[in-house]
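# Observations on the model geometry
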Amino acid sequence: MDDKIGEGAGSSVYRQGDFVDLCRGPHVPTTAMLRWFKLTSTSTCYWKADASRESLVRIYGWCFATKEALQNHETLMREAAKRDHRKLGKDLQLFHIDEMVGQGLILWTPRGSIVRNELQDFISSHLRRQGYNQVYTPHIGKLDLYRTSGHYPYYQESQYPPLVERDLMSKLADEGCSCSELSNRMDEGEIDGYLLKPMNCPHHIRIYSSQPRSYRDLPLRLAEFGTVYRWEQSGEISGMTRVRGFTQDDAHLFVTEDQIAQEVLGCIELVQVIFGTLGMDDYRVRVGLRDADSSKYVGESEKWDKAEQACRDAAASLGVPFTEEPGEAAFYGPKIDFVVRDVIGREWQLGTVQVDYNLPERFDLTYVGADGEKHRPVVIHRAPFGSMERFCGVLIEHFGGMFPTWLSPTQAHILTISEKHIDYADQVRTALREAGVRVEMDTGDDTIGKKLRTHRAMRPAYLLILGDEEASNGTVSYMGPDREQINGVALADFVASIQAEISSRS
RNA sequence: GCCAUUGUAGCUUAGCUGGUAGAGCACUUGAUUCGUAAUCAAGAGGCCGUGAGUUCGAAUCUCACCAAUGGCUCCA
């Protein structure tokens, strides 16, 4: 009780029949209020979340005061289940996870790759506008790089174990080196190996240090859709939202101290633009600070204080409410996270902006100031989408698989009434393709009813229906994203309007 | 990783207390050429997650492993 409830803080006790519960509450005054209930699942958990203790059975259910409220909730949950990205990902052929490839490793299929590419193009266009430089770095790096960055000791449990060169391995085997000895000698830096990169920052930092830098070069903004690998416990892995290999829309901004506020703000504005375009307005802002257990973090306390204050100031200038949460910081610095809620109420951390005084120190980064002296830059880490995998997973659910036209894997599906209309359909397809529209065509011998049923299921932005009427007048009839039907639009007009819709990303 | 549940064709699934598999959709072929959410018919497709064990005999029972789902813990 002492460590759960702080000194002087209030506590409450609830009673229901013979059951007495010490709980923050609130509880309902009486279970008589919960007339309608349904048990939904059972699971286990541990007393005080300690896996070494015996497990307890937990029973989950829904209860409501009225039958209608319960039924409404059930309907809502059924609708939410239909939007599950794991289900839609399979039905709409957006991605595949293969047992033979491995748990938590996403295979992007052609349709899903289109969505990802469109998103990447979208963000890249904003980065160019904001003066970012695109870079590419490899997927592995020497262990020594991560010893310097601090990832190796501080982030070890989240990493795949190091790769050791073949010759070195056989030499160590000849010497009778045991696995635990190997591991110890790697920890002590006697043996080097390569690590699958868990983060992109060390590589980007080495690009910074590859040249002498002047204050005139700053801010230097290095961006990469960088793929990283993290060892997640098998039970954590889920669909696209929690995986072992993922691509961050990453960038590292090398700035002077007085550029921090402005650059952090620039990052946050980018996040807001992106969320705004995609209609994601159910998100909250979290300022992640370090907690009392200082062994989890690298760097000196006064640097942390400065960085935490910078994050607070930036969040405050946003004009949206934010929470400060101790223990949510990265191991090298505090951060501002954008947390979105999915259709079933789960929260996902997507975009993140982190202020880092520590890595510049560890890598001895410098720039020459106007005074001719060497100064230490500050690094801002930022990933407005978080990772392409998680972001696409959340987006699939956000849109229920019905992507806006610019993101839609196939933007127009052409359906013919009969084989008489194939020639005209070909013309329509050519016109759309030349306008850069992604088209699919069904000239098969199914009835139009069947074709509509089949193609609607794939959720294209537009369904075009072509028959005698359209072929003889050079028009199209279509159902747009709202599935309202519009008939007899001149082909050229339709092409122009869909093209405008796509290029404006509306 | 821990606890629980689950694993039958590309998808959704039937298969009772053990006697080596059925269906719908999708697919292929043929017929049909059709105006708004399933045209008709035929065909093909399964070592029942993997490996052991019990048994005369295992999709079915036992064990181990793999994977998924729901939680716990952790995270982008």
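None of the values given here were measured: they were computed from a predicted structure. (Residues numbered from 1 in each chain as written. Chains lettered and ligands numbered in written order. Predicted model: local features only at pLDDT ≥ 70, side-chain atom pairs only at ≥ 80, totals over all residues. Heavy atoms only, no water.)

## Regarding the overall build of chain A
Assigned secondary structure in chain A consists of 16 helices and 23 strands. Each principal axis of the C-alpha atoms in chain A carries an extent, and together these give about 80 × 75 × 55 Å. Here chain A holds 506 residues, and the buried ones make up 45% of them. For chain A, the exposed area adds up to about 26300 Å²; of that, 50% sits on carbon and sulfur atoms. Seen as two clouds, the 58 positive and the 74 negative side-chain charges of chain A have centres 3 Å apart. (Helix = DSSP H or I, 4+ residues; strand = E, 2+ residues; numbered from the N terminus. Buried < 20%, exposed > 50% of the residue type's maximum accessible area, 1.4 Å probe, protein only. Areas by Shrake-Rupley, 256 points an atom, 1.4 Å probe, with all protein chains shown as cover. Lys, Arg positive; Asp, Glu negative; His and termini not counted. Charge placed at Lys NZ, Arg CZ, Asp CG, Glu CD.)

## Brief notes about the state of the cysteines
Evaluated as defined, the whole model comprises 0 disulfides. Cysteine 179 takes part in no disulfide bond, and the closest cysteine sulfur, belonging to cysteine 177, lies 7.9 Å away. Considering cysteine sulfurs only, cysteine 267 is the nearest to cysteine 201, which forms no disulfide, with 14 Å between them. A residue is classified by how much of its surface remains accessible, and cysteine 201, at 2% relative accessible area, is buried. (Disulfide = S-S within 2.5 Å.)

## Focus on the environment of glutamine 16
Relative to the assigned elements, glutamine 16 resides in strand S1 (residues 13-16). Once the C-alpha coordinates of glutamine 16 and lysine 306 are considered, the two residues, 290 residues apart in sequence, prove to be 49 Å apart. Once residues lying within four places of it in the same chain are set aside, the contact partners of glutamine 16 are Pro29, Thr30 and Thr31. (Contact = heavy atoms within 4.5 Å.)

## Concerning the sheet that holds strand S23 (residues 485-490)
Read from one edge to the other, the open sheet built from 5 strands follows the order S20-S19-S21-S22-S23, with strand pairing classed as mixed. Two strands in the sheet have a free side with no partner beyond their single neighbour: strand S20 (439-442) and S23. The average undirected angle you get between the axes of adjacent strands in this sheet is 25°. Here helix H13 (residues 422-434) sits on the sheet and contacts strand S19 (412-416), S20, strand S21 (462-466) and strand S22 (475-479); the angle it forms with S19, its principal contact strand, is near 170°. This element, helix H16 (residues 491-503), spans S21, S22 and S23 of the sheet and lies at about 115° to S23. (Pairing = 2+ DSSP bridges. Axes fitted to C-alpha atoms, helices over the stretch in contact; angles between N-to-C directions.)

## Description of helix H1 (residues 67-82)
With 16 residues, H1 should reach 22 Å at 1.5 Å per residue; the first-to-last C-alpha distance of 23 Å fits that figure. Listed as buried for H1 are Leu70, His73, Glu74 and Ala80. When H1 is viewed along its axis, its buried side chains cluster within an angular range of 125° and face the same direction. Among the exposed residues of H1, those pointing more than 90 degrees away from its buried face are Asn72, Leu76, Arg78 and Lys82. (Expected span 1.5 Å × (residues − 1). Arc of directions from axis to C-beta.)

## A look at the side chain of histidine 204
Looking at the element boundaries, histidine 204 is found in helix H8 (residues 201-208). For histidine 204, the contacting residues outside a window of four places in its chain are Val135, Thr137, Leu222, Glu224, His252 and Phe254.

## Some details on the pattern of salt bridges
Across all of its chains, the model carries 25 salt bridges by this definition. A salt bridge links glutamate 308 to arginine 290; the nearest nitrogen and oxygen atoms lie 3.0 Å apart. Residue glutamate 308 is located in helix H10 (residues 301-317), and its partner arginine 290 is located in the loop between strand S12 (283-289) and H10; the two are separated by 18 residues in the primary sequence. Given a relative accessible area of 7%, glutamate 308 falls into the buried group. Residue class for arginine 290 comes out partly exposed when judged on its relative accessible area of 22%. For glutamate 361, the salt bridge goes to lysine 303, with nearest N and O atoms at 3.2 Å. Of this pair, glutamate 361 sits in helix H11 (residues 358-362) while lysine 303 is found in helix H10, placing the two residues 58 residues apart along the sequence. (Salt bridge = Lys/Arg side-chain N within 4 Å of Asp/Glu carboxyl O.)

Read these as spatial facts, not as claims about activity.
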